[in-house]
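Overview (structure and organization)
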Amino acid sequence: MTTAMPPSHEALKVPEVMSALRLSRSKVYDLIRSKQLESFTSGRARRVPVDAVRQYMRNRIEESD
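Quick summary incoming for the structure in this document. All values reported here derive from a predicted model rather than from experimental measurement. The residue numbers shown here count from 1 along each chain, following its written sequence. pLDDT decides what is reported in this predicted model: residues at 70 or higher carry local features, side-chain atom pairs at 80 or more are listed and counted, and totals for whole chains, interfaces and linings draw on all residues regardless. For side-chain calculations, the full set of non-hydrogen atoms in the structure is used, while hydrogens and water are omitted.

**A short note on the overall build of the protein**
We count a stretch as a helix when DSSP gives it H or I for four or more residues in a row; a strand needs E for two or more, and each element gets its number in order from the N terminus. From N to C terminus, the protein includes three helices and three strands. Along the chain direction, N to C, the helices and strands of the protein fall in the order β-α-α-β-β-α. Only protein chains enter the accessibility calculation, which uses a 1.4 Å probe; a residue whose area is less than 20% of its type maximum is buried, one above 50% is exposed, and one in between is partly exposed. In the protein, buried positions account for 22% of the 65 residues. The Shrake-Rupley method, run with a 1.4 Å probe, gives the accessible areas here. Residue values count only the displayed protein chains as cover. Carbon together with sulfur atoms contributes 48% to the accessible area of the protein, which is approximately 4900 Å² in total.

So this is what it looks like as structure tokens:
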């Protein structure tokens, strides 16, 4: 069985975040723009730390309680 977030990666590409969260590309960029999902750029490449994805999921779970 494969995991959505490879454990060896510390920062994910947007398509990897899309796969991990099962969201569309536009929704991921909306989350980044609204500061709900932390990210950074390296040159022209946008990356999202794995910890930021996990924090986003924790926040969503807490909101739903």
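**Focus on the nonpolar core**
In terms of nonpolar packing, the biggest core is built from 13 residues, with V17, V28, L37, V48 and V53 touching the most fellow members. For this core, the secondary structure elements donating two or more residues are α1 (14-21), α2 (25-33) and α3 (50-64). Of the residues forming this core, the biggest block, four residues, is contributed by α3. Contacts: residue pairs with any heavy atoms within 4.5 Å of one another. Filtering out sequence-adjacent residues up to four positions away, V48 remains in contact with E10, A11, L12, V17, I32, L37, E38, S39 and V53. Think of a nonpolar core as a cluster: buried Ala, Val, Leu, Ile, Met, Phe, Trp, Tyr and Cys residues, connected wherever their side-chain atoms sit within 4.5 Å.

**Concerning the sheet that holds strand β1 (residues 11-13)**
Here, a strand pair is defined by DSSP locating no fewer than two bridges between the strands. Overall, antiparallel pairing links the three strands, which are arranged β1-β3-β2 in an open sheet. The sheet is open, and its two edges are formed by β1 and β2 (40-42), each paired on a single side. Neighbouring strand axes in the sheet, compared pairwise and without regard to direction, differ in orientation by 45° on average. With three bridges connecting them, β1 and strand β3 (residues 45-49) associate as antiparallel partners. Looking at β3, one finds that A11 is bridged to P49. Only C-alpha atoms enter the line fits that serve as axes; for helices the fit covers just the stretch in contact. Angles between N-to-C directions range over 0 to 180 degrees.

Note that all results are geometric; they support no functional claim without further evidence.
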